[in-house]
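Listed below, chain by chain, are the residues.
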Number of protein chains: 2
Amino acid sequence: MVPAETAAATELLAVRAAELYYEENKTQDEIGAILRVTRWKVGRLLAQARERGIIRIEIVHPRARRLALERDLSARFGLKDAVVVPAPADDAELQARVSEAAADYLVSHRPVPRLLGVSWGRTLHQVAEALPSGWSTAVNVVQINGGVSLSKRPGTAAATAVMIAQKAGGQATLLPSPAILERLETKKAIEGDRTVGGVLGMARGASAYLYSAGVADTSSVHVDSGYLTPADIAGLVERGAVGDVIGRYITADGTIADPELDARTLGLGLEELRAAATSILVIGGEPKHAVARAIVTHGLCSVLVTDEHTARALLSEPGDDTSLRADTGLESATTASREDAS
Amino acid sequence: MVPAETAAATELLAVRAAELYYEENKTQDEIGAILRVTRWKVGRLLAQARERGIIRIEIVHPRARRLALERDLSARFGLKDAVVVPAPADDAELQARVSEAAADYLVSHRPVPRLLGVSWGRTLHQVAEALPSGWSTAVNVVQINGGVSLSKRPGTAAATAVMIAQKAGGQATLLPSPAILERLETKKAIEGDRTVGGVLGMARGASAYLYSAGVADTSSVHVDSGYLTPADIAGLVERGAVGDVIGRYITADGTIADPELDARTLGLGLEELRAAATSILVIGGEPKHAVARAIVTHGLCSVLVTDEHTARALLSEPGDDTSLRADTGLESATTASREDAS
DNA sequence: GGTGGTCGTGCTCATATGAGCAGAAGCCGG
DNA sequence: CCGGCTTCTGCTCATATGAGCACGACCACC
């Protein structure tokens, strides 16, 4: 035999084998006959072709998931579960797919939560809409952060919780309070109110939480709703805020950006969220990568539902911005994961 | 059972099964256990997913081929053989791949031709270069149409034939004549010359032909070489010429565009090419779709080596573009090439 | 309400495939 | 030229998979 460029020859053979196997669906035996090699060699050739990525198998379907990414995310961030959907180019479509996936997850999640704590926002509303009627039986729902009574489109927050409860044939308990109060005393007073206090107590006892997160910019629902001014947001950003989780603005290292503001924010606390057995974060889209990273790297969620771009962003090197802000010792205390430079 | 939206539910199940099978490579049994169906159902689900195109298997490799298209082409146009390569976005790259594929084909083609008739041009030169040294033993080569003595880069035509022969350890016989003569008498005289006549005779006896084709526009090698002026080309286009085959300009319906010019063109005739047992056309790229169609639909080649876009264009409805080209006249002729990524 | 047709199901069984192994074939430093 | 090394080859055998079949559910049309 000519000991010529065997490497290239083998590769070409592998390509031919792959074509015959996957496109012509011939049997490895037949391929062996055609390429004049034994069927075992054909098998090895195909294995090699798969390893070397010559053969690409892709599942093209809106409801497809990226299981490999899910596994990586779970491992890297110590999540109980992760759902990653393929990202369409269109952002609206992406949000819809992520929301759908969250609804699917909720439907099939076991054990079924007795009481589900929910936040509100555009994403959560989409999740609620994506849930099928009768998605569960007798799941009660409780709001975990202040509503959106000042909103131009009032009732969104309430509608979300109610819809989720209704579709499961359960009761919704709303939190009848603004999200952020102007004065600390007012907040304390409202918190002390029997009704509000009762709801908060109930929220603390929920067996699972479902929430999304907002970006720290002027497109936030908080600005839209009048709780914060663009100037407030600017101030928060200056303090390193990357976004809000159930109304509380956090920095990249997972801490409260502005404690004074946070004290006036009514609802479940970050620590309560962190301590929860099941806290499902639904988040997708490029602008939210930073918040998503902050939440996920600091153990604020136990289940993540997102798109593949976000997933990849989370898994890739945290990069410069994190190191800028997180050179305190705090990071190691709150981080459940370590970054390995692979 | 809830007789709910079973179609959608089945599809989703198929997607999940596909993920587990192809991405996680679990066994159908295991998948059955996970999805709570029998393993037979999993098999059926996967079959369905493949049918419905949910699973896309692709072979990504420069040397990959599109066997399905090859089969379709052979069937549709009664070819003895077809080679279709995937088309890269870059046109230069595409030409290279098609040429390589042609070289591969030549190497493995059986029976090995005793005498190979070749034309010349950019494509053929690339094929020659892509042939490995010692690609065969004792294959002699003969030029089948007039050379390019007037060329700015002289010797290309000769170099191509010589290189092919040399790499097979054979002899090259060149056709020492211009491609197109200015006067019919001159052509007849040269044709009558012992040497030239002998070579032509030899060319007629070749056991296989290898050639490409040019587009009827000013970028043609004929203009480059000075055999034709841009005005000549414009005239040809007006007569419906779509391109040239071994120097002879043909229309979309496979006939000689300008008999007077053709009479002055020296080399193998179209009928001789059509009658040949093996005539290998190497052609690729969007601008050449029209010529390719003309050649292939009128039996001028028995083997086609091309790219997948050209293949698809040939297989799709003949219709509009041909007629469009015919009446746009010069405009389409002078447009060197428009790359489109369809 | 019967009755034939179509569909989906779970099976048996033949076949295709991958794991694992023993021997052959290069490959190299003595 | 030789032993030790890795790499490749062709095999045996267990397992995974698809074809084909019989049965039951469902449906439409009498």
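Okay, so let's go over this structure. The structure presented is a predicted model; accordingly, all values stated were derived computationally and were not measured.

Conventions used here
Residues numbered from 1 in each chain as written. Chains lettered and ligands numbered in written order. Predicted model: local features only at pLDDT ≥ 70, side-chain atom pairs only at ≥ 80, totals over all residues. Heavy atoms only, no water. Pairing = 2+ DSSP bridges. Helix = DSSP H or I, 4+ residues; strand = E, 2+ residues; numbered from the N terminus. Axes fitted to C-alpha atoms, helices over the stretch in contact; angles between N-to-C directions. Contact = heavy atoms within 4.5 Å. Near = heavy atom within 4 Å. Polar contact = N/O pair within 3.5 Å; in protein donor to acceptor, adjacent residues only side chain to side chain. Nonpolar A, V, L, I, M, F, W, Y, C, P; charged D, E, K, R; others polar. Buried < 20%, exposed > 50% of the residue type's maximum accessible area, 1.4 Å probe, protein only. Arc of directions from axis to C-beta. Least-squares fit on C-alpha atoms with pLDDT ≥ 70 in both. Phe/Tyr/Trp six-rings, centres within 6.5 Å; stacked < 30°, edge-to-face > 60°. Salt bridge = Lys/Arg side-chain N within 4 Å of Asp/Glu carboxyl O.

Some thoughts on the sheet that holds strand S7 (residues 213–215) of chain A
Two strands in a sheet stick together by hydrogen bonds in their backbones, pointing the same way (parallel) or opposite ways (antiparallel).
All names here are of chain A.
Here comes step 1: Read across the sheet, three strands follow the order S7-S8-S9 without closing on themselves; strand pairing throughout is antiparallel. Sheet topology places S7 and strand S9 (248–251) at the edges, where each strand pairs with a single neighbour. Within this sheet the neighbouring strands show an average axis-to-axis angle of 35°, counted without direction.
Here comes step 2: Relative to S9, strand S8 (residues 241–245) runs antiparallel, the two being bridged by four bridges. Across the sheet, Val245 pairs through a bridge with Arg248, a residue of S9.
Here comes step 3: Across the face of the sheet, helix H14 (residues 289–297) comes into contact with S7, S8 and S9 while running at roughly 70° to S8.

What about the protein's contact with DNA strand C?
Here comes step 1: Looking at DNA strand C, the residues that line it are Tyr21(A), Thr27(A), Gln28(A), Arg39(A), Arg50(A), Thr38(B), Trp40(B), Lys41(B) and Arg44(B).
Here comes step 2: Sugar and phosphate atoms represent 54% of those atoms of DNA strand C found within 4 Å of the protein.
Here comes step 3: Contact distances for DNA strand C include 2.8 Å between a phosphate oxygen and a side-chain N or O atom of Thr27(A).
Here comes step 4: At 2.8 Å, a backbone N or O of Gln28(A) approaches a phosphate oxygen of DNA strand C.
Here comes step 5: Secondary-structure elements contributing two or more residues to the surface near DNA strand C are helix H3 (39–51) of chain A together with helix H3 (39–51) of chain B.
Here comes step 6: Looking at side-chain class alone, the surface near DNA strand C contains two nonpolar, three polar and four charged residues.

Some remarks on the protein's contact with DNA strand D
Here comes step 1: Around DNA strand D sit Thr38(A), Trp40(A), Lys41(A), Arg44(A), Tyr21(B), Thr27(B), Gln28(B), Arg39(B) and Arg50(B), and those are all the residues in its vicinity.
Here comes step 2: Close to the protein, within 4 Å, the atoms of DNA strand D are drawn from sugar and phosphate at a rate of 53%.
Here comes step 3: In the environment of DNA strand D, a phosphate oxygen lies 3.2 Å from a nitrogen or oxygen atom belonging to the side chain of Thr38(A).
Here comes step 4: Take Lys41(A): an N or O atom from its side chain is 3.1 Å from a phosphate oxygen of DNA strand D.
Here comes step 5: When contributions to the surface near DNA strand D are tallied by element, the ones reaching two or more residues are H3 of chain A together with H3 of chain B.
Here comes step 6: Of the residues forming the surface near DNA strand D, the biggest block, three residues, is contributed by H3(A).
Here comes step 7: Split by residue class, the surface near DNA strand D holds two nonpolar, three polar and four charged.

Describing helix H4 (residues 67–77) of chain B
Here comes step 1: Among the residues of H4(B), those classed as buried are Leu67(B), Leu69(B), Glu70(B), Leu73(B), Ser74(B) and Phe77(B). Each buried residue of H4(B) lies within a common arc of 160° when the element is viewed along its axis, so the set occupies one face.
Here comes step 2: Residues of H4(B) that are buried in the fold lie against helix H1 (6–23) of chain A together with strand S2 (81–85), helix H14 (289–297), strand S11 (303–307) and helix H15 (308–315) of chain B.
Here comes step 3: At the exit of H4(B) stands Gly78(B), carrying a positive phi of roughly 60°.

Quick word on the relation of the copies chain B and chain A
Here comes step 1: With an RMSD of 0.1 Å, chain B superimposes on chain A once it is rotated by 180° and translated 0.0 Å along the axis. Seen this way, the second copy is the image of the first under a two-fold rotation axis. Among all C-alpha atoms of chain B, that of Ile57(B) lies closest to the rotation axis, at 2.3 Å.
Here comes step 2: A share of 96% of the interface residues of chain B reappears at the interface of chain A, consistent with the copies meeting face to face through the same patch.

Some points on the packing of aromatic side chains
To describe a pair of aromatic rings, one takes the distance between the centres and the angle between the planes.
Residue and element names in this part refer to chain A.
Here comes step 1: Overall, the coordinates contain two aromatic pairs over all chains when judged by the stated rule.
Here comes step 2: Ring geometry for Tyr21 versus Tyr22: centroids 5.0 Å apart, planes at 85°, classification edge-to-face.
Here comes step 3: Judged by relative accessible area, which is 27%, Tyr21 ranks as partly exposed.
Here comes step 4: The exposure class assigned to Tyr22 is buried, which follows from its relative accessible area of 17%.

Comments concerning the side chain of His222(B)
Residue and element names in this part refer to chain B.
Here comes step 1: Residue placement: His222 occurs in helix H10 (residues 221–224).
Here comes step 2: By relative accessible area, His222 is classed as buried at 5%.
Here comes step 3: Here the side chain of His222 touches Tyr249 through a polar contact of 3.2 Å, side chain to side chain.
Here comes step 4: Excluding residues that lie within four positions of it along the chain, His222 makes contacts with Ala179, Ile180, Tyr227, Leu228, Asp244, Gly247 and Tyr249.

Digging into the environment of Ala96(A)
Here comes step 1: Among the structural elements, Ala96(A) can be located in helix H5 (residues 91–108).
Here comes step 2: Remark: the alpha-carbon pair of Ala96(A) and Ala257(A), spanning 161 residues in sequence, is separated by 30 Å.

Describing the interface of chain B and chain A
Here comes step 1: Contacts between the two partners involve 26 residues from chain B and, on the opposite side, 25 residues from chain A.
Here comes step 2: The interface formed by chain B and chain A holds two salt bridges in total.
Here comes step 3: In this structure, Arg71(A) engages Glu24(B) in a salt bridge whose closest nitrogen and oxygen atoms are separated by 2.7 Å.
Here comes step 4: Its residues assigned to classes, the side of chain B that touches chain A shows 13 nonpolar, two polar and eleven charged.

Some remarks on the side chain of Thr310(A)
All names here are of chain A.
Here comes step 1: Considering the arrangement of structural elements, one finds Thr310 in helix H15 (residues 308–315).
Here comes step 2: A polar contact of 3.2 Å, which involves the side chain of Thr310, links it to the side chain of His289.
Here comes step 3: For Thr310, the contacting residues outside a window of four places in its chain are Gly284, Gly285, His289 and Ala292.

Examining the sheet that holds strand S7 (residues 213–215) of chain B
Residues and elements named next belong to chain B.
Here comes step 1: Read from one edge of the open sheet, three strands run S7-S8-S9, paired in antiparallel fashion. Two strands bound the open sheet, and with one partner strand each, they are S7 and strand S9 (248–251). Across the sheet, the axes of successive neighbouring strands diverge by a mean angle of 35°, strand direction being ignored.
Here comes step 2: Contacts between H14 and the sheet are confined to S7, strand S8 (241–245) and S9, with S8 contributing the most and set at about 70° to the helix.

Examining the pattern of salt bridges
A side chain of one charge can pair with a side chain of the opposite charge when the charged atoms of the two come close.
Here comes step 1: Under the criterion given, the structure shown has 32 salt bridges over all chains.
Here comes step 2: A salt bridge links Arg239(A) to Asp258(A); the nearest nitrogen and oxygen atoms lie 3.9 Å apart. Taken together, the residues Arg239(A) in the loop between helix H11 (230–238) and S8 and Asp258(A) in the loop between S9 and helix H12 (259–263) connect sequence positions 19 residues apart.
Here comes step 3: We classify Arg239(A) as partly exposed; its relative accessible area is 48%.
Here comes step 4: Taking the shortest distance from any N to any O, the salt bridge between Glu191(B) and Lys187(B) comes out at 3.1 Å. Here the residue Glu191(B) and the residue Lys187(B) both occupy positions in helix H8 (residues 184–192), the gap between them amounting to four residues, near one helical turn.
Here comes step 5: Judged by its relative accessible area of 26%, Glu191(B) is partly exposed.
Here comes step 6: Through salt bridges with shared partners, a single network forms among Arg63(A), Glu100(A) and Asp104(A).

Quick word on the environment of Thr265(B)
Here comes step 1: Mapped onto the fold, Thr265(B) is located in the loop between helix H12 (259–263) and helix H13 (270–275).
Here comes step 2: Residues Thr265(B) and Gln166(B), spaced 99 residues apart in sequence, show a C-alpha to C-alpha distance of 28 Å.

This is a description of form; function is not addressed.
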